[in-house]
Amino acid sequence: MGKDVIVACDFATAEQTYGFLDRFTGEKPFVKIGMELFYAEGPAIVRAIKGRGHRIFLDLKLHDIPNTVKKAMAVLSRLDVDICNLHAAGGLDMMSAALEGLTRPDGTRPLLIAVTQLTSIDQRRMEEELLIRRPLEEVVMTYAANAKAAGLDGVVCSPLEAGKVHEVCGGGFLTVTPGIRFADGATGDQQRVTTPERAKALGSDYIVVGRPITGAADPVAAYRRCMAEFLD
Ligand code: C5P
């Protein structure tokens, strides 16, 4: 899969989600389904959106013992999504087990990417609450290297970290990057934001964009602007 814009469908119900997706008559955006929508509507929403022809990043961030994650991933593999994810903090064994579980009997599988450190965790919290007393960037790069060693396909990270991740893990290791805002848009609760154009220059493979598209007066125009800035 090449570079693309993934639209974060952070809606509470299927009705709202379809209302949003129905506006796209000319294109089929790559869609991210997160915990809220999945827990509200279950696997049926994933099958329905897939049935409408969208590619799907199922953002459930699994984190448990290896055997449990392996079995859960085997269930998710049957949903035919394109990207799944987990927390690298679950360790190498958990990531390897997840990959095994995700691999279908015919050898195919969705891409599997890892969350390194959540962007809600800063240096102070990591040190004082998690007792990880190392520079945040070192932790992020070590977790990315662990994900690579376990055979995963990439990480979720800031566009600002994409270049370094590619340096450490190779150019083919995917960087999926949220925290995207238009130059003239509101930042909301995102702290460090990057425009689609800048994310492209920094080497992001996929940008994840929520409110700048879902909250726009004309979401289709906002999506097209994002695609043009990121891909052209
Ligand atoms: O609306 P916005 O563009 O901020 O949405 C970004 C999406 O990316 C949300 O679904 C958010 O949960 C997700 N995300 C993030 N930062 C991370 C990981 C995921 O913003 N580190």
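Residues numbered from 1 in each chain as written. Predicted model: local features only at pLDDT ≥ 70, side-chain atom pairs only at ≥ 80, totals over all residues. Heavy atoms only, no water.

**So, the site of the ligand**
Here is the rule: Whether a residue is near a molecule or strand depends on its heavy atoms: it is near if one of them lies within 4 Å of it. Pairs of N or O atoms are called polar contacts if they sit within 3.5 Å, as long as, within protein, a hydrogen donor faces a hydrogen acceptor (for residues adjacent in sequence, only side-chain-to-side-chain pairs). With residues, only the protein chains shown are counted as cover, and all accessible areas are computed by Shrake-Rupley using a 1.4 Å probe. Only runs of H or I of at least four residues qualify as helices and only runs of E of at least two qualify as strands under DSSP, and these elements are numbered from the N terminus.
Inspection of the region around the ligand gives Ala8, Asp10, Lys32, Thr119, Pro178, Arg181, Gln190, Val208, Val209, Gly210, Arg211 and Pro212 as its neighbouring residues. Between the ligand and the protein, one listed contact pairs an oxygen atom with a side-chain N or O atom of Asp10 at 2.7 Å. Contact between the ligand and Lys32: an oxygen atom at 2.9 Å from a side-chain N or O atom of the residue. Look at the ligand: alone it shows 470 Å² of surface, and the protein chains cover 82% of it. Of all elements in the fold, only β8 (206-209) and α10 (211-214) reach the threshold of two or more residues within the shell around the ligand.

**Considerations on the pattern of salt bridges**
Spelled out, the test is: A side-chain nitrogen of Lys or Arg and a carboxyl oxygen of Asp or Glu constitute a salt bridge if their distance falls within 4 Å. With a 1.4 Å probe rolled over the protein chains alone, any residue whose accessible area is under 20% of its type maximum counts as buried; one over 50% counts as exposed, and the rest are partly exposed.
Enumeration over the complete set of coordinates arrives at 14 salt bridges. Lys50 serves as the salt-bridge partner of Asp82, at 2.7 Å between the closest nitrogen and oxygen. Here Asp82, found in the loop between α4 (66-77) and β4 (83-87), pairs with Lys50, found in helix α3 (residues 43-51); they are 32 residues apart in sequence, far enough to count as distant. Judged by relative accessible area, which is 17%, Asp82 ranks as buried.

**Side note on unusual backbone geometry**
Notably, Lys61 is not glycine yet its phi reads approximately 50 degrees, a positive angle. Take Lys61: it is sitting in strand β3 (residues 56-62). Since its relative accessible area comes to 25%, Lys61 is described here as partly exposed. Even without glycine at this site, Leu131 takes up a positive phi of about 60 degrees.

**A few points about the pairing of β8**
Short version of the rule: The pairing criterion is simple: DSSP has to find at least two bridges between the two strands. Seen with its strands pointing away from the viewer, a crossover is right-handed when the path leading from the first strand over the helix to the second is clockwise.
Residues of β8 alternate between two faces, with Tyr206 and Val208 on one and Ile207 and Val209 on the opposite face, all of them buried. Note: strand β1 (residues 4-8) against β8, 4 bridges, orientation parallel. Counterpart to Val5 in the pairing with β8 is Ile207. Considered for its hand, the β-α-β crossover made up of strand β7 (residues 174-177), helix α9 (residues 196-202) and β8 is right-handed.

**Examining the nonpolar core**
Formally: In plain words, nonpolar cores are sets of buried Ala, Val, Leu, Ile, Met, Phe, Trp, Tyr and Cys residues tied together by side-chain atoms within 4.5 Å.
One finds Met73 and Leu86 to be the most contacted residues of the largest nonpolar core, which totals 60 residues. By residue number, the principal contributor to this core is helix α7 (residues 136-149), which donates 6 residues. With 12 residues, the next largest nonpolar core counts Phe57, Ile113, Val176 and Tyr206 among its residues.

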